[in-house]
Amino acid sequence: MDAHEDYVWPRATSELILLPVTGLECVGERLLAGEGPDVLVYTLDFGGHLRMMKRVQNLLGHYLIHGFRVRPEPSRELDSEVMVAAFGSKGLRIVKISWGQGRFRELWRSGLWNMSDWIWDARWLEGNIALALGHNSVVLYDPVVGCSLQDVPCTDRCTLSSACLIGDTWKELTVVAGAVSNQLLVWYPAAALKDDKPVAPDRRVSGHVGVIFSMSYLESKGLLATASEDRSVRIWKVGDLRVPGGRVQNIGHCFGHSARVWQVKLLENYLISAGEDCVCLVWSHEGEILQAFRGHQGRGIRALAAHERQAWVITGGDDSGIRLWHLVGRGHPGSGVFALSFKSHSRPGVLKAVTLAGSWRVLAVTDTGALYLYDLEVKCWEQLLEDMRFQSYCLLEAAPGPEGFGLCALANGEGRVKVVPINTPTAAVDLTLFPGKVHSLSWALRGYEELLLLASGPGGVVACLEVSAAPSGKAIFVKERCRYLLPPSKQRWHTCSAFLPPGDFLVCGDRRGSVLLYPSRPELLKDLGVVSKVGAITSAPGAGSGEGEPSLAEWGPVSTLPSLHGKQGVTSVTCHGGYVYTTGRDGSYYQLFVRGGQLQPVLRQKPCRGMNWVAGVRMVADGSMVILGFHANEFVVWSPRSHEKLHIINCGGGHRSWAFSDTEAAMAFAYLKDGDVMLYRALGGCTRPHVILRESLHGREITCVKRVGSISLGPESGVPSFLQPDHPEPGEPVEPGSEGPGLIDIVITCSEDTTVCVLALPTATGSAHALTAVCNHISSVRAVAVWGVGTPGGPQDPQPGLTAHVVSAGGRAEMHCFTIMVTPDPSPPSRLACHVMHLSSHRLDEYWDRQRHRHRMVKVDPETRYMSLAVCELDRPGLGPLVAAACSDGAVRLFLLQDSGRRLQLLAETFHHKRCVLKVHAFTHEAPNQRRRLFLCSAATDGSLAFWDLTTMLDQGSPALEAAVDPGLPCQLGSPCLTVQAHSCGVNSLHTLPTREGHLVASGSEDGSLHVFVLAVEMPELEEAVGAAELLPQLQVLEEYSIPCAHAAHVTGLKILSPSLMVSASIDQRLTFWRLGHGEPTFMNSTVYHVADVADMDCWPVSPEFGHRCALGGQGLEVYNWYD
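Being a predicted model, the structure only gives us computed values, none of them experimental. (Residues numbered from 1 in each chain as written. Predicted model: local features only at pLDDT ≥ 70, side-chain atom pairs only at ≥ 80, totals over all residues. Heavy atoms only, no water.)

K.L.:
What's the story with the overall build of the protein in this structure? I'm lost.
P.N.:
In terms of helices and strands, the protein carries 4 helices and 88 strands. The buried share among the 1124 residues of the protein stands at 58%. Restricting the contact set of the protein to residue pairs at least 6 apart, pairs at least 24 apart contribute 50%. (Helix = DSSP H or I, 4+ residues; strand = E, 2+ residues; numbered from the N terminus. Buried < 20%, exposed > 50% of the residue type's maximum accessible area, 1.4 Å probe, protein only. Contact = heavy atoms within 4.5 Å.)

Pasting the structure below:
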């Protein structure tokens, strides 16, 4: 037997695809979605929701599915079995499927028919199928035999950008073709006198000034809609297109999209369009926009479907997401914005402040000191009280709580606070707290047990009032519990407060932007052991000892995060799930937690672009979070999960009195405008009644894929299941690994959309779950590196889960370090929860701003990009790992991570390559009786590889590390140990593997070539080094091989799996295996994958029964597996 026959394996098979959704079709109560060559089948369950039923893999071979056409069956219902034609590019396949009784079965499948041209549309005609091809011709095809019956071209053989077939028989078949000349050509294939004779167009319709991408015909009303590159949608009155010679009239020219319009669909009462701006618009037939669906991210919505009976619109985007939206009539129930008609002769004065007590009661106060109540059920204004002491300056805040919980507080400029029960205003309680102005009021509620009112006075003093109700409920008691003292600042008052569960602490935000932690009861300080810490900054006598009246003591904060939200102040504090969430007018929101009585920041996030005033966060029923804020002059409720604006209210901005309330029954937003109270109210709370059938991955190309580790879930945890596999029939083979334990790989991806995503990839179900996304970067993220993988409890007390340190870097010379912790959690569908803690960040611009003599130096290019990262873990105690970065300005930079990643310091740099550095890779050399040495390999656009000895560089007094000229600048690396000219152009992939001879080094280039060589590391003998300053290693190339045409395009992924096996990936969409160890690398086999523009690849072994897995990232994500 020949030696090559031993290496028939490995042969890779596709396990998971996350690609742009390019085809959607509603079939009865089912939905078909095309993703690459795969088909996703969704079915309507008993609760009226769509759920995934089946994934049919590789239905269209190496073609991408662009559409489905269901064969009409008048005698049978589509809910039992259907015949479906799936087409895309030049491929066509017919499949007969049965999905009765909730089970999917594939009854029959035709061969994959390859057409001579691009297929734009397909239509069933009496058992055969007609195809509209890319150069304005129509083919009548027999799907059973697989042969062409008729092929009729048009006389105008131009290239088409879209086509639509109309009619049920060959005689009445009508072709509406969108030509590159921006015209619509209407012609009839049956008019050909004999086969292959061209047919002249019957009509030419002009109007668009761009290419026509989509069209839809509504036979019942004789309407035709077209979507174009000119960002418009046109509606044409065409009558019955099956009758030649008809008149075409343009009755609507609709502009609403900000980019090219990809898809259009006509319904009986609506027109649906979707485009490159990721917006799906619902129009009336008269051209009025009725609804706008926003939520997809990236480069647009590619597929569109509608279910008229259910009033559904389904969209599929470039972000791999599938979403279901409700049309008008079954959409979001809300009454919109309306005025409450406060102006009246019986109500003198001008409104000064407004607030909400629940979602159906509005409170307002005027400059005459009158407090009014508006009940939405009664729909009239009622005066509760009038106090002239509150006429010139008045603050108004309603207490939080459920519907009907009626308390509000008023404060004036003379230090007076009035607590008013809304149901019995005569029982109001007055207190004089300060000799001067009350700057702010806020409430803090702990369940239904404790209610506090905080009032800020002069000098940064905050009075804490305890409010309780009498047993009869007709009276209230207000008692001053203690006083707090804010840190010194120009604007010294608090802005918000909340109880930290279980209730021992209060978290407050102030106008300075700081977040403060105070004890809720001063007597708890002795138990918590922080008396001395707080007493050191108290200003009143007896504060440290706790003696005397509590109101005389001014307690300082236990913990402070100064100026966390900048100079504009903190707007809200929310405690949920063991974390503290704060928002501010700096356009960001923070996630914090309290450990040992100290506040520690975990993560900083930003909402949608342009929301510079974040007003608060709310937790909704499904466990997700929504962000409240102001976007220019609009109040916006934004969902980080679905990336959409759930509510938009044009209120004029946040610089006026406003209030927000959200309950399970309704959401309400009240504000003052034109001397009146305006109210926006929407039933159902903050959420929107739409369904995310599949979560989005990334809106732009994936630039890096890195596997972190794996988690094994036992049977008690349940295997995460996004796609439930069908149980095999008796006698059917069971795939290896599918019967094993719940092994889940954790993978990190980064993208051009500035996000870093943590994914869970179960081995048993072939699905993917997005656990969390980190959005700290201001530009594209190009590279990710991982180190320190372990368990949550550490080596001493290991617990289920996974922890790791992650460094991400990309555009604008920005680098972030954070930790992730993945733990089992039975509540989400993935059965996993991911917690992220941000540790540190670094930007070259910030480093430049700290230079004292920067006017004498040339500024570092602000557009420098980090192209690649490599972590170099040192073996020296107390010294953190090094992070090597390949930079676009020609430098290789070394960063030192200290204090477990909380300090990121630029240590050294070199401009040896003098051109863009594309890749860096770190490896270690270990030999018997020798010191462990750390090496770094860098590769640039000229095809050269440079090797650096980092161990020698880090030694004290080593000449390899030259001291900087200026103390503020990094050190300079010396010359590399070895330079190899491996390629003639840029190196896009690089990997090494230790062997007995030394190290096996492989690289891939932009010209499609591979370069493999053996690198030997030789240390001089001790006898030879007598009297020398140090022992320097000698690098030498032993064997060197080059494969000039390994791929037809850039080699962007490369991995040496073993001394005898290597795998490479390229933009030519080939995953290729190479045999090593017997001279020149030899080709073994190759697999075609479906991810375009692959930028990175990572491979890892899973288990002996499951083999290896490989993740490819580009314009999507694809996971392969193979068995050795």
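K.L.:
Please explain the confidence of the model for the protein as it appears in this structure.
P.N.:
Interpretation of this model should avoid reading the predicted coordinates in detail wherever pLDDT is low. For the protein, the average pLDDT comes to 86, and 88% of its residues sit at 70 or higher. In the model, residues 330–334 has pLDDT below 50 throughout and makes 16 contacts with residues more than four positions away in sequence or in other chains. (pLDDT = per-residue confidence, 0-100.)

K.L.:
Please clarify how a nonpolar patch on the surface should be interpreted in this entry.
P.N.:
Together, Leu-107, Trp-108, Val-144 and Val-145 make up a nonpolar patch on the protein surface, roughly 380 Å² of accessible area in all. If you trace the backbone, Trp-108 turns up in strand 9 (residues 105–109). (Patch = residues over 30% accessible without salt bridge, like charges linked within 9 Å, V, L, I, M, F, W, Y side chains within 5 Å. Areas by Shrake-Rupley, 256 points an atom, 1.4 Å probe, with all protein chains shown as cover. Salt bridge = Lys/Arg side-chain N within 4 Å of Asp/Glu carboxyl O.)

K.L.:
Explanation requested: the nonpolar core in the structure shown.
P.N.:
Buried together is how nonpolar side chains tend to be arranged in soluble globular proteins. Ranked by internal contacts, the top residues of the largest apolar core, which has 60 residues, are Ile-746, Met-815, Ile-820, Leu-832, Tyr-866 and Leu-869. In this structure, Leu-832 is in contact with Ile-711, Leu-713, Ile-744, Ile-746, Ala-760, Leu-771, Val-822, Thr-823, Pro-824 and Asp-825, ignoring residues within four places of it in sequence. Ala-870, Leu-894, Val-917 and Ala-946 belong to the second largest nonpolar core, which has 25 residues in total. (Core = buried A, V, L, I, M, F, W, Y, C linked by side-chain atoms within 4.5 Å.)

K.L.:
Help me out: how do you make sense of the pattern of salt bridges in this one?
P.N.:
Pairs can form between side chains of opposite charge whenever their charged atoms are close. Evaluation of the coordinates by the stated rule reveals 38 salt bridges. Close ionic contact of Glu-219 with Arg-242 constitutes a salt bridge, the shortest N to O distance being 2.6 Å. Remark: Arg-242 occurs in the loop between strand 21 (232–237) and strand 22 (249–255) and Glu-219 occurs in the loop between strand 19 (212–218) and strand 20 (223–228); sequence separation between them is 23 residues. Judged by relative accessible area, which is 47%, Glu-219 ranks as partly exposed. The exposure class assigned to Arg-242 is partly exposed, which follows from its relative accessible area of 23%. Between Arg-242 and Asp-240 there is a salt bridge whose closest N-O contact spans 3.1 Å. Judged by relative accessible area, Asp-240 falls into the partly exposed class, the value being 33%. Through salt bridges with shared partners, a single network forms among Arg-446, Glu-449, Glu-450, Glu-466, Arg-481 and Arg-521.

K.L.:
Honestly, the packing of aromatic side chains in this entry has me stumped. Any pointers?
P.N.:
Applying the stated criterion across every chain yields a total of 22 aromatic pairs. With centroids separated by 5.0 Å and ring planes inclined at 10°, the aromatic side chains of Phe-293 and Trp-325 adopt a geometry described as stacked. With a gap of 32 residues between them, Phe-293 in strand 26 (residues 289–294) and Trp-325 in strand 29 (residues 322–326) connect regions that are remote in the sequence. Comparing Phe-293 with Trp-325, the two get one shared label, buried. Here Phe-342 and Tyr-372 contribute two aromatic rings whose centre-to-centre distance is 5.2 Å and whose plane-to-plane angle is 85°, an arrangement assigned as edge-to-face. In this pair, Phe-342 sits in the loop between strand 30 (334–339) and strand 31 (351–356) while Tyr-372 sits in strand 33 (residues 370–375), placing the two residues 30 residues apart along the sequence. (Phe/Tyr/Trp six-rings, centres within 6.5 Å; stacked < 30°, edge-to-face > 60°.)

K.L.:
Please explain the sheet that holds strand 33 as it appears in this structure.
P.N.:
Either a parallel or an antiparallel arrangement is found when strands of a sheet pair, and the pairing is made through backbone hydrogen bonds. Strand order in this open sheet of 4 strands is 31-32-33-34, and the pairing throughout is antiparallel. Both outer strands of the open sheet, strand 31 and strand 34 (380–386), are each paired with one neighbouring strand and no more. Going from strand to strand, the sheet's axes swing by 25° on average, the running direction of each strand aside. In this structure, strand 31 lies alongside strand 32 (residues 361–366), joined through 5 bridges in antiparallel fashion. Bridge pairing in strand 32 places Leu-351 opposite Thr-366. (Pairing = 2+ DSSP bridges. Axes fitted to C-alpha atoms, helices over the stretch in contact; angles between N-to-C directions.)

K.L.:
Just checking my understanding: could you explain the side chain of Ser-520 for this structure?
P.N.:
Mapping Ser-520 onto the fold places it in the loop between strand 45 (515–519) and helix 1 (524–528). Apart from residues no more than four positions distant in its own chain, Ser-520 is found in contact with Arg-481, Tyr-484, Phe-499, Gly-503, Asp-504, Phe-505 and Leu-506.

K.L.:
Got a minute to help me understand the side chain of Ser-1064 in this structure?
P.N.:
Tracing the backbone shows Ser-1064 in strand 83 (residues 1061–1066). Taking relative accessible area as the criterion, Ser-1064 reaches 0% and is therefore assigned buried. At a separation of 2.7 Å, a polar atom in the side chain of Ser-1064 contacts the side chain of His-1047. Non-local contacts of Ser-1064, meaning those with residues more than four positions away in its chain, are made with Leu-1010, His-1047, Val-1051, Gly-1053, Leu-1054, Arg-1070, Leu-1071, Thr-1072 and Trp-1074. (Polar contact = N/O pair within 3.5 Å; in protein donor to acceptor, adjacent residues only side chain to side chain.)

K.L.:
Before we go on, may I ask you to explain the pairing of strand 82 (residues 1051–1058) in this structure?
P.N.:
Remember that side chains alternate between the two faces of the sheet whenever the strand is regular. In terms of burial, strand 82 is a largely internal element, 6 of the 8 residues being buried. Note: strand 82 against strand 83, 6 bridges, orientation antiparallel. Among the inter-strand pairings, Ser-1058 is bridged to a residue of strand 83, identified as Leu-1061. Hairpin connection, strand 82 to strand 83: the antiparallel pair is bridged by 2 residues.

K.L.:
Can you walk me through the sheet that holds strand 16 (residues 174–179) in this structure?
P.N.:
Taken in spatial order, the 4 strands of this open sheet run 15-16-17-18, and their pairing is antiparallel. Each edge of the open sheet is held by one strand with a lone partner, namely strand 15 (160–166) and strand 18 (203–205). Across this sheet, the average inter-strand angle for adjacent strands is 20°, counted without regard to direction. Two elements, strand 17 (residues 184–187) and strand 18, share 3 bridges in a ladder whose sense is antiparallel. Bridging across to strand 18, Leu-184 finds its partner in Val-205.

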